[in-house]
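# Coordinate analysis (summary)
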Amino acid sequence: MTDPAPPPAEDAPLANAPQRFEPADAPFVPRPAASPDRVIHLIGNAHLDVVWLWPWQEGYQEARATFRSVLDRMDEYPDFVFTCDQVVLLAWVEEQDPVLFDRIRARVAEGRWVNTGGWWVEPDCNLPTGESFVRQGLYGQRFLEQRFGRPATVGMNVDPFGHAATIPQVLAGQGLSAYCFLRPMAAEKALPGPLFRWRGPDGTEVLAFRIPFEYQSSRETVDRHIEKAVAESAEHVDGGLPETMIFFGVGNHGGGPTIRQIETVHRFDRMGSFGTLTLSDPETYFARVRRLGLVADLAVVDGDLQHHAAGCYSAQSAVKQWQRRAQTAVLVAERWAAAAALLHGTPVVRGDLERAWKQILLNQVHDVLPGTAIEVAYEDARDQLGEAVAIAKRITARAHGRIAASMAVPLDPATQPVLVFNHHPWPVTATVELHLGFGMEVDPDAITDPDGAAVPAQAIPPRAETGRRRGGSVAFQARLPPFGVARYALRAATAFAAGAVANQRAAPERPRPPRPPADSLLTRLPGRSVLENELLRAEIDHTTGWLTGLLDKRTGADLVGGARGPHLQVCQDPTDTWGHRVVSYAWPGVEPPVTRVLVREDGPLRARVRVERAWRRSTLAEEFVLTTGGDALEVRVELDWHEPMHLLKWRVPVALAHPAGRVEIPFGSIERGVTGAEEPGQSWIDLTEGEVGLAVVNDAKHAYDLSPATAEASASIGVTIVRSPPYAWHDPSELDLDAPHAYQDQGFQRFTVLLAPHGPLDTADLHRRAAELTMRPRAMLESFHEGDLPARASWITASPRSVAVTAIKLAEDGDDLIVRAVETAGADVDAVIELPLVDAVVRARMPARSIRTWRVPRGGPAVEVDLLERDAPAT
């Protein structure tokens, strides 16, 4: 008989944790005493590039797939919290899978799905206008409020490549008191720590957190990801910052946290390897920071946060120009839609404006606007931004037509009335070009203003070869009232066959106005041309094709005379699409030689000289235009580019020895070092020394350098006007140069530059110049009819000059007028914004560099609101 088997021994307690660990498998035990004394908030997210190496339609589908995966993980792990930051993804899921969207609503209500960011997409944070950043939050935060009952409180842009200095002001104005970002990374910009107070130019502060190591992790475990993130921030965390954040989850093409990743967090939290690991979200983290009393001791960082990839500010020129055009068109449409609604009750189709804005906002995403997506993405961007422009033009034409119908236009069969609309709340003097159709031929010496006085005008080359006649295309100088309209008259060189007057009783012909002086602005000399008016004198050398002088008669300074160095520089560009690790593109290059110089215009209004060049398969033409009374030299640039993996710098050497630099950024401007570094900017860049300087203003480009004087060349302003890398080539992947590739920016492009000499730097003037260049007056032919409006009408003015009104629109809710202004000169001012449109006046103290917004009902009083059009908190 054998002895019975002994009973099985009880299992020993579990030490540490196995690789695949479920919390239910073992009872809770305290972490080892040797565990680091730190708390790490693990932020589960699913960064999804809505467009990048795939078109938006794939991002549309992946949003649904990613969110379904996230919700499934929530069902499996009760402690899992998810952070979502691009509102467009939620909108896409809502429209294609309402049942899935309802599951998201439930998790938001539970507090386990946390919406951060508050912006429609993660946009590039340098290239859009200030108003675009406002609309990112306006549409994003309103969506969150309407669908989930609360907006985001934490801003989050993990993937953009740099940040403008004014972003804190925008964030705070949208109720976002904290901000999470990744770039610039630690190797690109030193910061006092991962957590700091970021301060805008007006003193506005938000808490900011630079994500350590990466915003995403691999599909495997996250322990190595945590190790690298801790290594990057351990000095600060262990040196006084007891809690930090680490972001994890499969990203770029979406995905989110995986089962294995979540279990890895649980495993190493039990083991205590890195300290306390908690599945968390940014709102919870920043609340802890405030609760622990850490904010007052945090370092303050002023200025911009730059940058990760300098080449993305010049890659894919077309999308940058499409964006600027679309933003401008919709801002103009908003203004005139509001005017027509308040003056005549014309309905504002808010849905159309919202659709246009959302197409613009989508294509500001950080892999489209910087030029780093695949080629097909730009076909979609072209179509979507074209839709925005088409919507805006319809709205503007309808509003102008309604206003025009109410103007008094007395019958004069010998004339053709022209109405010219000024979009800006300050007086504008501008050149209006008209290319008339069949049956119209005007006397360019007899164009009159609203008072019947002749204005500077001349015949210009026509756009069409059909029906070429001297008076078929004309340009004239218009002096326009602030945000208003003025009526001008073209006088017939031959009788008009205008149907608008065929059946009307003829009025006595008015006397012809006196002919204005016909002095030429052009002097032709051997080997050179001189353009000169009462304010400027510009001399063009026909051999070099560039300026040998630009004299400002007001200051006596020649800003170009004696300056040395090339004007154009073509060089090979072996860097990737992003321009990773690029410090400068201010390298030596060849200058395309001049092939022809010809005079295009020479009249009493303006002179125009064309310089043509060629290099290999490419051509470039520059037309230098000087207008009577003008204080800037206009340069119209036409480039037909066919050079793969090359770049072209458009450079202006200046006769200044040790200048200081400044560049426009969204809602303001910032000093820039004169170092030759490649930097982003908006529409203008400037070099000033003492009491004189030169600004370069343009309507299409965003990549600049300010280069110091050397033994070989003078200080200069450089604009990167074209780069042609392959689409979406990302270093360190190697490029097979023997394989066929699609290269960027092959073909024709056109843009305009102003060279504006000046006295002491006046940033308010430069902001106005840039606005006038990109938002030009609109002229329309009109018929004769009765009306209540006089020959000149104005509906908004703003003073002093440093008060730049950036938005005029109807409120999102209601029919009140929304007016936003920015102080641009860097000094406290008493702003006065007169609004005859609603019979009200805004009077307010504006601190230097501040952004302020008012809601103004008819008759007033104005009420200050934030950037979401909610009542502003009392100060």
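Please refer to the structure higher up on the page.
Reading the values: rules and limits
- Residues numbered from 1 in each chain as written.
- Predicted model: local features only at pLDDT ≥ 70, side-chain atom pairs only at ≥ 80, totals over all residues.
- Heavy atoms only, no water.
- Helix = DSSP H or I, 4+ residues; strand = E, 2+ residues; numbered from the N terminus.
- Rg over C-alpha atoms; globule rule 2.2 N^0.38 Å.
- Buried < 20%, exposed > 50% of the residue type's maximum accessible area, 1.4 Å probe, protein only.
- Contact = heavy atoms within 4.5 Å.
- Areas by Shrake-Rupley, 256 points an atom, 1.4 Å probe, with all protein chains shown as cover.
- Lys, Arg positive; Asp, Glu negative; His and termini not counted.
- Charge placed at Lys NZ, Arg CZ, Asp CG, Glu CD.
- Core = buried A, V, L, I, M, F, W, Y, C linked by side-chain atoms within 4.5 Å.
- Phe/Tyr/Trp six-rings, centres within 6.5 Å; stacked < 30°, edge-to-face > 60°.

### Details of the overall build of the protein
Helices and strands together make up the secondary structure of the protein, namely twelve helices and 43 strands. Here the C-alpha atoms of the protein give a radius of gyration of 31 Å, agreeing with the 29 Å that 2.2 N^0.38 yields for 875 residues. With the principal axes as the frame, the protein shows a C-alpha extent of 135 × 65 × 50 Å. Within the protein, the fraction of its 875 residues that count as buried is 60%. Residue pairs in contact within the protein that sit at least 24 positions apart in sequence constitute 72% of those at least 6 positions apart. Carbon and sulfur atoms make up 51% of the accessible area of the protein, which amounts to about 33,300 Å² in all. Positive and negative side-chain charges in the protein, numbering 89 and 114 respectively, have mean positions lying 5 Å apart.

### Some remarks on the nonpolar core
Ranked by internal contacts, the top residues of the largest apolar core, which has 145 residues, are Phe67, Leu90, Trp113, Leu817 and Ile833. Here the element with the most residues in this core is helix H9 (residues 317-344); it accounts for 14 residues. Excluding anything up to four places from it in sequence, tryptophan 113 contacts Phe67, Val70, Leu71, Met74, Phe82, Cys84, Leu90, Ile104, Arg107 and Val108.

### With respect to the packing of aromatic side chains
Two descriptors summarise a pair of aromatic rings, namely the distance from one centre to the other and the angle between the planes of the rings. Counting across every chain of the model gives 25 aromatic pairs. Taking the centre distance of 6.3 Å and the plane angle of 75° together, the rings of tryptophan 120 and phenylalanine 143 count as edge-to-face. One end of the pair, tryptophan 120, is in the loop between strand E3 (113-119) and helix H4 (130-148); the other, phenylalanine 143, is in helix H4, with 23 residues separating them in the sequence. A single burial state applies to tryptophan 120 and to phenylalanine 143, both of which are buried. Geometrically, the ring pair formed by tyrosine 179 and tryptophan 198 is tilted, given 6.0 Å between the ring centres and 40° between the ring planes.

### Description of helix H2 (residues 87-96)
For H2, the buried fraction is high: seven of the ten residues fall into the buried class. Restricting attention to buried positions, one finds in H2 the residues Val87, Val88, Leu89, Leu90, Ala91, Trp92 and Val93. The inward-facing, buried residues of H2 abut helix H1 (56-76), strand E2 (82-86), helix H3 (98-110), E3, H4 and helix H10 (350-362).

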